[in-house]
Amino acid sequence: MNATGNTSAAVRLRVNGVVRELRLDNRTTLLDALREALRLTGTKKGCDHGQCGACTVLVDGRRVYSCLLLAVALPDSDVTTVEGAVRDGRLRILQRAFLDHDALQCGYCTPGQLCSALGLLIELAAEGGDGTAPAGAVRERMSGNLCRCGAYTHIVAAVTAASKTIAEGTP
Amino acid sequence: MTGGQERVDGWDKVTGRARYAGDHAVGRAVTAVPVRSTVARGRIVRVDDGEALRQAGVLAVITPDNAPRLAEVHDAELMLFQNHRIAYRGQFVAAVVATSRQAATAAARLVRVAYEQSCHEVRLSADHHRLYEPEHLNEGRPAGTSSGDFAGAFDAAPVRVDETYRTPAVCNNPLETHATCASWDNGRLTLIDSTQGPNTVQNVLAALFRLRTDHVRVICEHVGGAFGAKGAPRANTVLAAMAALVVGRPVTCSFTRRDMFAVAGHRSPTIQRVRLGAHPDGRLIALAHDAVAHTSTLRRFAEQTAAAARHMYAAPHRATSHRLAALDVPSPSWMRAPGYCPGMFALESAMDELAVRTGVDPVDLRLRNDTSVHPETGQLFSSRNLAACLRSGARLFAWAGRNPAPRSGRRGHWLVGTGVAASTYTADVAPSDAAVSVSVDGRYSVSIAAVDVGTGARTMLRSVAARELGVPASAVEIRIGDSCLPRAVVAGGSMGTSSWSWAVIAACRDLRRRVRERGGVVPVTGLTARARTDAEVAALADRARFSFGAQFAEVRVDADTMEIRVPRLLGVFAVGKVLAPALARSQFVGAMTMGLSMALCEEAVTDPCSGDYAQHELATYHIATHADVQDVQASWIEEEEHHLGPSGAKGLGEIGIVGTAAAIANAVYHATGVRVRDLPVRPASLLRAHRCAEPSPHDRGDRGNAAEQP
């Protein structure tokens, strides 16, 4: 309950380019808002404690654990989920690379791995460099995304390959 | 790369379109959240649900005083709220059903449970007063075996190893927690469930709720990992069905990550004594493996920890035994390669110790003790290519010329070592049914109640059917993940592939025959062929059926901090015919990665005061992540297997985790001279044991370069 006694609040989010007006229980995390209010179930819940990375999405271009953020605290934020791939050519290339390298098994951590990889590529680009993601950097910077099936070596190969494809395609 | 063999459901998984059990519930079900016991042993005296019931959105509170009565089933973990007894901390004692998960979770905290607490015992020891020898192990295996005169032969053996190894409790922790959405319609129950076996869930839930089996339908389109934890229904499935009955609406129930440590099952901790007596040339004279594990007071889960020692190596005098202590802990259950995985850590560590004591190369030692018949029963093996795996692995890993002396492989700041261990797992097959249809326009449809838990079953079955039908894979649709489809064995025990593909191949062959009989013309109504493999499976020749493998590890240990890195893992396996190479490689590499995680990270410790695990989340229960995993390679040898059905395939989902931990621990010994017999291998165990510390170079440049490379 907030100071005015309301246990819910209105919030406006831009999700995958679409503005969504929601009224949410104040306790609702961004993850639950995406999954339950917006029915975008591509984003997964693995631990609800910010420890597994399955719920990774991008908020204003930065990768975040959506289970650790309250949706009502993110007014007018720009959210990208795995379903937003159609808008983002880079995510599309990452998806293709995941399939080519069989970088998934059960697929449950995959949306989070993909969003995390996209966030990583955005970070690397912002830091300068040639835009490619060396294996060592991928391993280190994607360690917040667990994969119990053990697809790590294939994920690293996929992200590295996708980063090259993206770098080559960027003028 | 996948060599063109992309997963059938790959695009659905990378786009977020693949729907898992919890996804199906969104928008159509209310939520049940359990209340869990805060004592480890005792009785529920009173449940006060008044305050919880007054909360907005709460529909019901289910307690032992008002729960619907269930019929008794074998697994007492499923008998939710049927009595007032507490068998372990974290057990479900009540549940709140509410219109939202937030409301149910908040109200569950307001349910007051009064307990009468008794003293609990949660720590396993080798001399625990509750230890007993079970009548038999899981799947009817004998608890003890012996042949020859082990005691006499061991005492007289020129070289002896007598050591005790310990493995901790470990938790499956698939990334998707168990989830169910249950709905009732005119006395029929439909469950969308995250399970390895829709038919198993169907049968157990029908028994619990006294329903006809065909009045229970279980659907599991996608499963977010399982590793044995979803091999049979768990409390979430029963709670969802019970709550849906109580409130008359669809109900979903998902385990939280915290729940997973208590109610999802775990691999029991073990204490294992291995004794090896050998000739000076390493040939075994006597071999004994004695295993101690825990189970719960609710369920006897007797894991086959010493089973691998029964068939791995020749030795005229031998014995195995198992003892269990029923502690006040959650029930252990299946986890990837049950028994064989912890058992082979002990046996393969002991073999390495024997190699050290005899001075025989560890690969040669295993080759010298290979056997062509089952050393206990005299049975022929259906196929056994341990030696080929060891030889192939040694070649690929460049093992030859290895200096066996511990601490001989120093590179800059790193102590470098290599180790080897053998792998094995059962290669079983079980009866299944399948149906294959063809439409007049040449589309094929294969139906079987199999499940894809991430193994690639859909893709594998499509490839098998297409090959058998002589059509492109794109002409074949695979329907799995529904108990309404032809009956199938659970996706577990490394027998899904051999069992399902047998039924599918039989149905495909029958369909082709029928089409031929009609002169190659498919009628407008289409044609369907069904197969059932019970008779063929029962008629299989008497053989010992196992898969084998060899794993090689390179480790680097920081000379100061004892941080352990694994720059290289290689596994070579003999698993019959490999039906889908890209998927097989992913499974081997994934299982070896889980083995690395077991070797270096994973441990659930029971707190003797609270009776609970000290770890119940992924911040304290560590599993290997990207930064822990470097080069992991898997390959296989060509193997002819004629005793497991027409596919010639042995299952391969489990063998990859067997032996990894021993290979790594053996490599750590080679690198550091410290033998770690208790998993996980941690820097602390090495620092404690490291008596002969030598001065280490603190040259920053040296250290910086080394840190780039591990």
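Rules and cut-offs
Residues numbered from 1 in each chain as written. Chains lettered and ligands numbered in written order. Predicted model: local features only at pLDDT ≥ 70, side-chain atom pairs only at ≥ 80, totals over all residues. Helix = DSSP H or I, 4+ residues; strand = E, 2+ residues; numbered from the N terminus. Rg over C-alpha atoms; globule rule 2.2 N^0.38 Å. Buried ≥ 20, exposed ≤ 12 C-beta atoms within 10 Å, placed from the backbone. Contact = placed C-beta atoms within 7 Å. Axes fitted to C-alpha atoms, helices over the stretch in contact; angles between N-to-C directions. Left-handed = near helix turned anticlockwise from the far one by under 90°. Nonpolar A, V, L, I, M, F, W, Y, C, P; charged D, E, K, R; others polar. Domains from an automatic or database assignment. UniProt positions renumbered as here; feature names shortened; annotations may be inferred. Parallel < 35°, antiparallel > 145°, perpendicular 65-115°, else oblique. Pairing = 2+ DSSP bridges. Core = buried A, V, L, I, M, F, W, Y, C linked by C-beta atoms within 7 Å.

**Details of the overall build of chain B**
Then step 1. Along the backbone of chain B there are 18 helices and 25 strands.
Then step 2. Taking 27 Å as the expected radius of gyration for a compact globule of 710 residues, we find that chain B reaches 26 Å, a close match to that expectation.
Then step 3. Burial statistics for chain B: of 710 residues in total, 60% are counted as buried.
Then step 4. Across chain B, contacts joining residues at least 24 apart in sequence account for 82% of those joining residues at least 6 apart.

**Regarding helix H1 (residues 30-37) of chain A**
Since the α-helix advances by 3.6 residues per turn, residues separated by three or four positions end up pointing in the same direction.
Residue and element names in this part refer to chain A.
Then step 1. Most of H1 is tucked away: seven of the eight residues are buried.
Then step 2. Within H1 the residues assigned to the buried category are Leu30, Leu31, Asp32, Ala33, Leu34, Arg35 and Glu36.
Then step 3. Where H1 is buried, its residues meet strand E2 (18-25).
Then step 4. Two residues or fewer after H1 comes arginine 39, characterised by a positive phi angle close to 60 degrees.

**Regarding the packing of helix H9 (residues 340-358) of chain B against helix H16 (residues 660-672) of chain B**
Residues and elements named next belong to chain B.
Then step 1. Contact pair H9 / H16: the axes reach a minimum separation of 8 Å and the direction vectors enclose 35 degrees. When the axes of H9 and H16 are compared, the crossing they make is right-handed. Here Met344, Phe345, Glu348, Ser349 and Asp352 of H9 lie close against H16, whose contacting residues are Ala661, Ala662, Ala665, Asn666 and Tyr669.
Then step 2. A per-class count over the contact of H9 with H16 returns six nonpolar, two polar and two charged.

**Notes on the domain arrangement of chain A**
Residue and element names in this part refer to chain A.
Then step 1. Domain boundaries in chain A define domain 1 (8-83) and domain 2 (84-169).
Then step 2. Once you take the C-alpha centre of each, domain 1 and domain 2 turn out to be 21 Å apart.
Then step 3. Opposite the 20 residues of domain 1 that make contact, domain 2 presents 17 residues.
Then step 4. Those elements that place two or more of their residues in the side of domain 1 that touches domain 2 are strand E3 (56-59) and strand E4 (62-65).
Then step 5. With three residues, E3 is the single largest residue contributor to the side of domain 1 that touches domain 2.

**Quick notes on the UniProt feature "domain: Aldehyde oxidase/xanthine dehydrogenase a/b hammerhead" (unreviewed entry) in chain B**
Then step 1. Mapped onto this structure's residue numbering, the UniProt feature "domain: Aldehyde oxidase/xanthine dehydrogenase a/b hammerhead" (unreviewed entry) falls at residues 15-119 of chain B.
Then step 2. Helix makes up 17% of residues 15-119 of chain B and strand 32%, with an end-to-end C-alpha separation of 51 Å.

**Considerations on the packing of helix H2 (residues 89-100) of chain A against helix H5 (residues 152-169) of chain A**
All names here are of chain A.
Then step 1. It is at 8 Å that the axes of H2 and H5 come closest, and there the two elements cross at 140 degrees. Overall, the two elements H2 and H5 adopt an arrangement that is oblique. Relative to H5, H2 is oriented so that their crossing is right-handed. Residue-level contacts link Arg90, Ile93, Leu94, Ala97, Phe98 and Asp100 of H2 to Ala158, Val159, Ala161, Ala162, Thr165 and Ile166 of H5.

**Some points on the pairing of strand E19 (residues 433-438) of chain B**
Residue and element names in this part refer to chain B.
Then step 1. Counting buried positions over the six residues of E19 gives five, a clear majority of the element.
Then step 2. In this sheet, strand E20 (residues 444-447) lies alongside E19 in antiparallel orientation, the contact comprising four bridges. Its bridge partner lying in E20, valine 438 is registered against tyrosine 444.
Then step 3. Between E19 and E20, which pair antiparallel in sequence order, lie five residues; one of them, glycine 442, sits at a positive phi of approximately 80 degrees.

**What to know about the interface of chain A and chain B**
Then step 1. With 47 residues of chain A at the contact, the number on the chain B side is 44 residues.
Then step 2. Going through the elements one at a time, H1, H2, helix H3 (110-126), helix H4 (135-141) and H5 of chain A are the ones with two or more residues in the side of chain A that touches chain B.

**As for unusual backbone geometry**
Excluding glycine, residues mostly carry a negative phi; peptide bonds, for their part, are mostly trans.
All names here are of chain B.
Then step 1. Proline 680 follows leucine 679 through a cis peptide bond whose omega is -5 degrees.
Then step 2. Here proline 680 shows up in the loop between H16 and helix H17 (683-689).
Then step 3. Notably, alanine 337 is not glycine yet its phi reads approximately 60 degrees, a positive angle.
Then step 4. Residue position: alanine 337 is located in the loop between strand E16 (317-327) and H9.
Then step 5. Phi at serine 494 takes a positive value of approximately 50 degrees, unusual for a residue other than glycine.
Then step 6. Structurally, the position occupied by serine 494 is in the loop between strand E21 (476-479) and helix H13 (496-517).

**Regarding the pairing of strand E1 (residues 30-36) of chain B**
Residues and elements named next belong to chain B.
Then step 1. Across the seven residues that make up E1, a large majority, seven, are buried.
Then step 2. Two strands pair when backbone bridges link them, and E1 and strand E13 (residues 251-254) are joined in this way by two bridges, in the parallel orientation. Considered in E13, the bridge of valine 30 is made with valine 251.
Then step 3. One ladder, built from six bridges, connects E1 with strand E5 (residues 92-98); its direction is antiparallel. Across the sheet, the residue bridging to threonine 31 is alanine 98, located in E5.

**Things to note about the sheet that holds strand E12 (residues 216-219) of chain B**
Residue and element names in this part refer to chain B.
Then step 1. The strand order across the open sheet formed by seven strands is E3-E5-E1-E13-E10-E11-E12, and the pairing between neighbours is mixed. Bordering the open sheet on either side are strand E3 (58-62) and E12, each of which pairs with just one other strand. Pairs of neighbouring strands in the sheet enclose a mean axial angle of 20 degrees, with direction left out of account.
Then step 2. Of the strands in this sheet, E1, E3 and E5 are in contact with helix H4 (residues 101-108), which crosses E1 at around 20 degrees.
Then step 3. Where helix H7 (residues 235-247) meets the sheet, its contacts fall on E1, E3, E5, strand E10 (179-185), strand E11 (188-193) and E13, and the angle it forms with E10 comes to roughly 35 degrees.

**Quick notes on the domain arrangement of chain B**
Residue and element names in this part refer to chain B.
Then step 1. Split into domains, chain B comes out as domain 1 (24-119 + 173-263), domain 2 (341-428 + 542-708) and domain 3 (433-538).
Then step 2. Once you take the C-alpha centre of each, domain 2 and domain 3 turn out to be 37 Å apart.
Then step 3. Each partner contributes to the interface: domain 2 provides 19 residues, whereas domain 3 provides 15 residues.
Then step 4. Taken together, the elements giving at least two residues each to the side of domain 2 that touches domain 3 come down to strand E18 (414-426) and helix H15 (581-600).
Then step 5. When grouped by side-chain class, the residues that make up the side of domain 2 that touches domain 3 number 10 nonpolar, six polar and three charged.

**Regarding the nonpolar core**
Then step 1. In this structure, Val96, Val504, Ile664 and Val668 of chain B are the most contacted members of the largest nonpolar core, which totals 304 residues.
Then step 2. Other than its neighbours up to four places away in sequence, valine 668 of chain B contacts Gly417, Val555, Val557, Ile564, Val674, Val676 and Val681 of chain B.

**Regarding the environment of serine 147 of chain B**
Residues and elements named next belong to chain B.
Then step 1. In this fold, serine 147 is placed in strand E8 (residues 145-147).
Then step 2. Under the C-beta neighbour-count criterion, serine 147 is labelled partly exposed, with 15 such atoms within 10 Å.
Then step 3. Taking the C-alpha atoms as reference points, serine 147 and glutamate 376, 229 residues apart in sequence, are found 6.9 Å from one another.
Then step 4. Apart from residues no more than four positions distant in its own chain, serine 147 is found in contact with Arg318 and Glu376.

**Things to note about the sheet that holds E21 of chain B**
Residue and element names in this part refer to chain B.
Then step 1. On the basis of which strands lie adjacent, the open sheet formed by four strands has the order E21-E20-E19-E22 and mixed pairing. Taken across any chain shown, the strands that pair with only one partner, and hence form the sheet edges, are E21 and strand E22 (527-532). Within this sheet the neighbouring strands show an average axis-to-axis angle of 15 degrees, counted without direction.
Then step 2. Inspection of the sheet shows E20 paired to E21 by four bridges, in the parallel sense.

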